[in-house]
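Reading the structure
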Amino acid sequence: MPLTGLRIVDLTRVISGPFCTMLLADLGADVIKVEPPGEGDPLRGQGSGRDGLSWYYASFNRNKRSVVLDLKTPEGKQGLEALLATADAVVDNFRPGVMARLGFGDERLQDLRPGIVSCSISGFGADGPYRDRPAFDFIAQAMSGFMSVNGGRDDPPLRSGLPISDLVCGMYGALGLCAALLGRERNGNAERVDVNLTSSMVSLLAYVASHYFATGTVLPKTGNDHPIAAPYGLFRTRDGQIAIAPSDNTFFGRLMDALELPEVKADPDFADNFGRVKHRDRLQVLVEGKLALADSAEWIERLNAAGVPCGPVYDLHGVFSDPQIQSQNMAIDVPTPANGTVRMLGFPIKLTQRPCHVRRPPPALGEHTEELLAEAAAAKRRA
């Protein structure tokens, strides 16, 4: 696999960091999850589970090995030093400055392992006036402007139903770490990677930010309609709703042809996207008037056949029953030694030569402590 042979010491917990390191582990890296004694990663005690295992924890920690170290003690720090001396990279999601206070600042890391790459994940970043503030996903969603653009025009700010800042920041961390490791291979320089939840969310503001930069005004909220494209959103049919996304003139023409609305296609009010957005309400009535004549399934079949992006609105039952999702193996069953079989999300990255797979089930707390410390001791003797 692409990252086989790379060793990552993982000092993270909860979501953003474990998601980052799981992505690396899924691509072949040997990820060593360092956990405190007692309860370990707090995620072990959260979410739904079976047979004594949190499936929430399991879903972010496959393909890793777990070692228990008390980093507040000399013995724990010595154990971490031994692991770091064998590592290509270390990832933490402490607040800025905690690694240095533990005795593992940048200089110390390079002393232990010249060329080691470090990645730090935090709420606000390594510098700036908020660097020392605590933060979780909800704070980043709120302060990034993300919540302000969700919902309808008169709705209050609305969060995502998913921990999106944790997930996006974790992906940025994995991407940055891979880039830093490739850079080290090419030029020999060790790199420090810093990513944070809030900036990660700000980076996703896309067209709402470009509109603000260009005009100095804030786009009004439009709910499930697209603020700068029409018709684009959820549309009522005879028996429900479907999602339709004709994003340009070509797709709009296809939609009008499929709906047999030549007079709407020729209407000068709808000649370009600016006009369609301006006259969105009238256009929506015309489109839904046609869609009301048939059921959702018929329209989905007909519109896709006409080359119009269109699909159903699923809940999770629908998602994991859909034949396309099933063909992509986006739900997988992972046997564990002591907790039965765990169902979790599959691999969105598809590699043709050496595809991602589960090499190790989510580890029990400290399951590999003796094994890993013995490996580190053997490496030291060989050095």
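What comes next is a walk through the structure.

What about the side chain of aspartate 10?
- When you line up the elements, aspartate 10 lands in strand S1 (residues 7-10).
- Within polar-contact distance, the side chain of aspartate 10 engages the side chain of threonine 21 at 2.8 Å.
- If we skip the residues at most four places from it in the chain, aspartate 10 touches Thr21, Val31, Ile32, Lys33, Val34, Lys64 and Val91.

Considering the packing of aromatic side chains
- Considering all chains together, one arrives at 4 aromatic pairs under this definition.
- Between the aromatic rings of phenylalanine 19 and phenylalanine 60, the centroid separation amounts to 6.0 Å while the plane-to-plane angle is 90°, which identifies the pairing as edge-to-face. Within this pair, whereas phenylalanine 19 is found in helix H1 (residues 16-26), its partner phenylalanine 60 is found in the loop between helix H2 (55-58) and strand S5 (64-68), the two being separated by 41 residues in sequence. Considered together, phenylalanine 19 and phenylalanine 60 belong to a single accessibility category, that of buried residues.
- An angle of 55° between the planes, with centres 6.2 Å apart, marks the rings of tyrosine 212 and phenylalanine 213 as tilted.
- Its relative accessible area of 43% is what places tyrosine 212 among the partly exposed residues.
- Stacked on the ring of tyrosine 130, the Lys or Arg arginine 133 has its end atom at 3.8 Å from the ring centre.
- The ring centre of tryptophan 299 lies 4.3 Å from the NZ or CZ of arginine 302, which sits over that ring.

Observations concerning the sheet that holds strand S7 (residues 117-122)
- Sheet architecture is open: 6 strands sit in the order S5-S2-S1-S6-S7-S8, paired in parallel fashion. Each edge of the open sheet is held by one strand with a lone partner, namely S5 and strand S8 (192-196). The sheet shows a mean angle of 20° between the axes of neighbouring strands, taken without regard to direction.
- Strand direction decides the pairing type here: strand S2 (residues 30-35) and S5, joined by 5 bridges, are parallel. The residue of S5 that forms the bridge with isoleucine 32 is arginine 65.
- H1 rests against S1, S2, S5, strand S6 (89-92) and S7 of the sheet, and its axis sits at about 130° to S5.

Observations concerning the sheet that holds strand S11 (residues 310-312)
- One open sheet holds the 3 strands; their spatial order is S9-S10-S11, and the pairing between them is antiparallel. Each edge of the open sheet is held by one strand with a lone partner, namely strand S9 (233-236) and S11. On average, each strand axis in the sheet is tilted by 35° relative to the strand beside it, whichever way the strands run.
- The strands that helix H13 (residues 280-291) touches are S9 and strand S10 (241-244); relative to S9, the one it contacts most, it runs at about 50°.

Side note on the packing of H1 against helix H7 (residues 164-187)
- In the contact formed by H1 and H7, the axes pass within 8 Å of each other and the chain directions differ by 45°. In terms of their interaxial angle, H1 and H7 are classed as oblique. Two packed elements cross with a definite hand, and for H1 against H7 that hand is right-handed. Within the contact between the two elements, H1 uses Ser16, Phe19, Cys20, Leu23 and Leu24 and H7 uses Asp166, Leu167, Gly170, Met171, Gly173, Ala174, Leu177 and Cys178.
- Here the contact of H1 with H7 is built from residues that sort into 9 nonpolar, 3 polar and 1 charged.

A look at the environment of arginine 254
- In this fold, arginine 254 is placed in helix H10 (residues 249-259).
- Take arginine 254: its relative accessible area is 34%, and that puts it in the partly exposed class.
- When the C-alpha positions of arginine 254 and lysine 265 are compared, they lie 9.3 Å apart, and in sequence the two are 11 residues distant.
- If we ignore the near neighbours within four places in the chain, the residues touching arginine 254 are Ala306, Gly307 and Val308.
- A polar contact is formed between the side chain of arginine 254 and the backbone oxygen of glycine 307, at a distance of 3.0 Å.

Observations regarding the pattern of salt bridges
- Under the defined criterion, the tally for this structure stands at 21 salt bridges.
- Between arginine 236 and glutamate 288 there is a salt bridge, and its shortest N-O distance comes to 2.8 Å. Of this pair, arginine 236 sits in strand S9 while glutamate 288 sits in helix H13, placing them 52 residues apart in sequence.
- One salt bridge in this structure joins arginine 302 and glutamate 298, with 2.5 Å as the shortest N-O distance. One end of the pair, arginine 302, and the other, glutamate 298, are both in helix H14 (residues 296-305), 4 residues apart, so they sit about a helical turn from each other.
- Three or more residues are tied together by salt bridges with common partners; here these are Arg7, Asp30, Arg65, Glu371 and Glu375.

Some thoughts on the pairing of S2
- Judged by how many residues are buried, S2 sits mostly within the fold: 5 of 6 residues are covered.
- Bridge count between S1 and S2: 4 bridges; the pairing is parallel. What sits directly across from aspartate 10, in S2, is lysine 33.
- You can see the chain leave S1, run along H1 and come back into S2, and the turn it takes is right-handed.

Calculation notes
- Along each chain, residues carry numbers from 1 onward, in the same order as the chain's sequence is written.
- Confidence filtering applies because this is a predicted model: local features only for residues at pLDDT of at least 70, side-chain atom pairs given and counted only at 80 or more, and all residues used for totals across whole chains, interfaces and linings.
- Each side-chain value is worked out from all heavy atoms of the structure, with water and hydrogens disregarded.
- Secondary structure elements follow DSSP: runs of H or I of four or more residues count as helices, runs of E of two or more count as strands, with numbering from the N terminus.
- Nitrogen and oxygen atoms within 3.5 Å of one another constitute a polar contact, given that in protein one can donate a hydrogen and the other can accept it, and given that sequence-neighbouring residues count only through two side-chain atoms.
- We call two residues in contact whenever any of their non-hydrogen atoms come within 4.5 Å of each other.
- Pairing of aromatic rings covers Phe, Tyr and the six-membered ring of Trp, with a centre-to-centre limit of 6.5 Å; geometry is then stacked below 30 degrees between planes, edge-to-face above 60, and tilted otherwise.
- Type-normalised accessible area, obtained with a 1.4 Å probe on protein chains alone, sets the label of each residue: buried when under 20%, exposed when over 50%, and partly exposed for intermediate values.
- Geometrically, a charge over a ring is one whose NZ (Lys) or CZ (Arg) sits within 6 Å of the ring centre while staying within 35 degrees of the ring normal.
- Paired strands are those between which DSSP finds at least two bridges.
- Each axis is a line fitted through C-alpha atoms, taken for helices only over the stretch in contact, and angles between the N-to-C directions span 0 to 180 degrees.
- Any angle that is under 35 degrees is reported as roughly parallel, and any over 145 degrees as roughly antiparallel; angles of 65 to 115 degrees are reported as roughly perpendicular and all others as oblique.
- The hand of a helix crossing depends on one turn: near helix anticlockwise from the far one by less than a right angle means left-handed, and clockwise means right-handed.
- Nonpolar residues are Ala, Val, Leu, Ile, Met, Phe, Trp, Tyr, Cys and Pro. Charged residues are Asp, Glu, Lys and Arg, and all others, Gly as well, are polar.
- Salt bridge, as used here, is a side-chain nitrogen of Lys or Arg placed within 4 Å of a carboxyl oxygen of Asp or Glu.
- By convention, orient the strands away from the viewer: a clockwise path from the first strand over the helix to the second makes the crossover right-handed.

Worth remembering: the numbers are spatial, not functional.
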